Amino acid sequence: MFIITLKGGFPLLLTLPKPVETALSRLESAGFSAYAVGGCVRDHVLGFTPHDYDICTAATPEEMQQVFQNERTIETGLKHGTLTVLLQGMPLEITTFRLDGAYSDGRHPDSVQFTSRVEDDLSRRDFTINAMAYSPKEGLVDPFGGQADCKAGVIRCVGDPAARFGEDALRILRALRFSARLGFPIEEATANAVREGRTQLCHVSRERIAVELTGLLQGKDASSVLRQFPEVIETALPELDALIHGPHWETTLRTLDAAPKDVYLCWAAFLRLCGSEAVAYEALKSLKMSVKIMDTVSQLVRWQGAELRPESLQETLMRIGPERLEQLILFRQAARTAEQKESPEAVARDTEALRQKLKTLLEENACYTLSQLAVNGKDMAALGLRGPAIGEALHGLLLKVVRGETANEREALLEAAQKV
Ligand code: ATP
Ligand code: MG
């Protein structure tokens, strides 16, 4: 357990999990300095619970393997100095202090060099808030003012921003993502370098761009970051230039503000007014997104104008299924809120009614698929139907059922089928 007093603030009580403390003290007993580092220290200082812990140490991977020879280890990236140790059920990534060599491809260091100084290791990290280390023995190591920037709430590069983005252009998008997630503005020199360095995003793989953009869109301050750095987004996704410079940009940003922070809904909110479902699909495809994301988002974009009503919800359920309908209800709420034509209360009331109705339909096992119909293909064949006519008849019956024109009962359905 440790206490950090933020300058001028109140003392924060911070606790490292037991396995992390154990790992640090084992390395130290073996003569190697060791620290929790990066995101976990930042999150502690900010008062959040870290989702994982990284450790850095003076020990080389071979030395780490010695220290943890009785534990389960995974050779995550020995070349780069990383070993994962499973300690008391917790996976810990332990990495040797390192300095990165030159970056000639704008993304990866040509070489890495192990060092025995934690300060060296911190100096290669991207932002001051991410460049702090902590150990119970040494306390907080913060050579770049990360604690002050946590307190002030700013994203600032370690060192010269233009040089840092020149080394690795992914940091440009990481700056935007952290700004959106934490709600911290990007400090001016760093912000200028973000704008000026944006063309170097061509050195970053599309998959990594996708991960960072998704994180950005899911951030609580996504709209404000997009409003400040539209040219960066345009560089990453040129197919969106019409959206970014067009009349729907503000509505798009308001939709993002109103949408739940779910991957599908964020992307659907972001792309819904980009021109067409095809443009949205192409943008996602250019980022090498999964088929599931491409399909879900384009279907939501296609259905965004659907007027959802409790009375006809069973039919909509038949058309798009329960999972998509649940998403669509929330998506429509975000879109209507962003349009600002109705009061937010009215939109919220409608949404609640739709969600209730969907819940009831599913609880009551309402019929929305062919397999739930009280008649099947054999029944249709017995009525003398053959081939495709059987499927058509069943579909016709399902439509009657979801529209409430016929009960889902065998007798009633057979009678209806005979009429058709
Ligand atoms: P998150 O909560 O999103 O995981 P994080 O800070 O842990 O945030 P990671 O991507 O897991 O982010 O990286 C761990 C640490 O490694 C960062 O805190 C930072 O110190 C360093 N780091 C990661 N990527 C880079 C990069 N591209 N350039 C420089 N340092 C980086
Ligand atoms: Mg992390």
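### Notes on the site of ligand 1
Around ligand 1 there are 15 residues in total, and Arg42, His51, Asp168, Arg171 and Arg181 lie nearest to it. Interatomic distance of 3.2 Å between a backbone N/O atom of glycine 39 and an oxygen atom of ligand 1. Separating an oxygen atom of ligand 1 from a backbone N or O atom of asparagine 130 is a distance of 2.9 Å. Contact with the protein chains covers 78% of the free accessible surface of ligand 1, which is 580 Å². Secondary structure elements with two or more residues in the shell around ligand 1: α2 (39-46) and α7 (170-182). Looking at which element gives the most residues to the shell around ligand 1, the answer is α7, with five residues.

### What about the pattern of salt bridges?
One pass over the structure, following the stated rule, counts 28 salt bridges. The shortest N-O distance in the salt bridge between aspartate 121 and arginine 125 comes to 2.8 Å. Each member of the pair, aspartate 121 together with arginine 125, is buried. As a salt-bridge pair, aspartate 149 and arginine 156 come within 2.8 Å of each other at their nearest N and O atoms. Of the residues examined, aspartate 149 reaches a relative accessible area of 5% and is grouped as buried. When its relative accessible area of 31% is taken as the criterion, arginine 156 is described as partly exposed. Among the charged side chains, a network of salt bridges with common partners joins Arg107, Arg164, Glu167, Asp168 and Arg171.

### Focus on unusual backbone geometry
Phi is positive for glutamine 88, close to 45°, though the residue is something other than glycine. Topologically, glutamine 88 is positioned in the loop between β6 (82-87) and β7 (90-96). With phi around 55°, lysine 288 is a residue other than glycine that occupies positive phi space. Structurally, lysine 288 is set in the loop between α15 (277-286) and α16 (291-303).

### Remarks on the packing of helix α17 (residues 313-339) against helix α20 (residues 388-402)
In contact at an axis separation of 8 Å, α17 and α20 are set at 140° when each is read in the N-to-C sense. Residue-level contacts link Gln314, Glu315, Met318 and Arg319 of α17 to Leu398, Leu399, Val401 and Val402 of α20. Residue classes in the contact of α17 with α20 are distributed as five nonpolar, one polar and two charged.

### Quick word on the domain arrangement of the protein
When the domains of the protein are assigned, the result is domain 1 (2-152), domain 2 (157-236), domain 3 (257-366) and domain 4 (370-419). Relative to domain 4, the C-alpha centre of domain 1 lies at a distance of 65 Å.

### Details of the pairing of β7
Sheet analysis places strand β4 (residues 54-57) next to β7, joined by four bridges and oriented parallel. Along β7, the bridge assignment pairs isoleucine 55 with isoleucine 94. Where β6 lies against β7, six bridges are found, and the strand directions are antiparallel. Note on β7: the bridge partner recorded for threonine 84 is glutamate 93. The turn joining β6 and β7, which pair antiparallel and follow one another in sequence, is formed by two residues; a positive phi near 45° is taken by glutamine 88.

### Focus: helix α18 (residues 344-363)
Here α18 spans 28 Å end to end across 20 residues, near enough to the 28 Å set by a 1.5 Å rise per residue. Where α18 is concerned, the buried positions are Val347, Thr351, Leu354, Leu358 and Leu361. Taken around the axis of α18, the buried residues stretch over an arc of 90°, which confines them to a single face. Along α18, the residues that are exposed and aim more than 90 degrees away from the buried face are Glu345, Arg349 and Glu363.

### Quick word on the side chain of arginine 171
Note that arginine 171 resides in helix α7. Polar side-chain contacts of arginine 171 include one of 3.1 Å to the side chain of tyrosine 103. Among the polar contacts made by the side chain of arginine 171, one reaches the main-chain carbonyl oxygen of arginine 164 at a distance of 2.8 Å. Setting aside its immediate chain neighbours within four residues, arginine 171 contacts Tyr103, Arg124, Asp126, Phe127, Arg164 and Phe165.

### Looking at helix α9 (residues 206-218)
The first and last C-alpha atoms of α9 sit 18 Å apart over 13 residues, in line with the 18 Å expected at 1.5 Å per residue. Regarding α9, the residues found buried are Ile209, Ala210, Glu212, Leu213, Thr214, Gly215, Leu216 and Leu217. On its buried side, α9 packs onto α7, α10 (222-228), α11 (230-236), α13 (249-258) and α14 (263-271).

### Observations concerning the nonpolar core
Among the nonpolar cores identified, the biggest contains 117 residues, and Leu176, Leu213, Trp267, Phe270 and Leu271 are the most heavily contacted of them. Top element by residues in this core is α17. It accounts for ten residues. Counting ten residues, the second largest nonpolar core, distinct from the first, contains Phe97, Leu122, Ala131 and Val158.

### Observations concerning the pairing of β4
Looking at chain direction, strand β3 (residues 34-37) and β4 are connected through four bridges and run antiparallel. By the bridge assignment for β4, tyrosine 35 is matched with cysteine 56.

What counts, and where the lines are drawn
Residues numbered from 1 in each chain as written. Chains lettered and ligands numbered in written order. Predicted model: local features only at pLDDT ≥ 70, side-chain atom pairs only at ≥ 80, totals over all residues. Heavy atoms only, no water. Near = heavy atom within 4 Å. Polar contact = N/O pair within 3.5 Å; in protein donor to acceptor, adjacent residues only side chain to side chain. Areas by Shrake-Rupley, 256 points an atom, 1.4 Å probe, with all protein chains shown as cover. Helix = DSSP H or I, 4+ residues; strand = E, 2+ residues; numbered from the N terminus. Salt bridge = Lys/Arg side-chain N within 4 Å of Asp/Glu carboxyl O. Buried < 20%, exposed > 50% of the residue type's maximum accessible area, 1.4 Å probe, protein only. Axes fitted to C-alpha atoms, helices over the stretch in contact; angles between N-to-C directions. Contact = heavy atoms within 4.5 Å. Nonpolar A, V, L, I, M, F, W, Y, C, P; charged D, E, K, R; others polar. Domains from an automatic or database assignment. Pairing = 2+ DSSP bridges. Expected span 1.5 Å × (residues − 1). Arc of directions from axis to C-beta. Core = buried A, V, L, I, M, F, W, Y, C linked by side-chain atoms within 4.5 Å.

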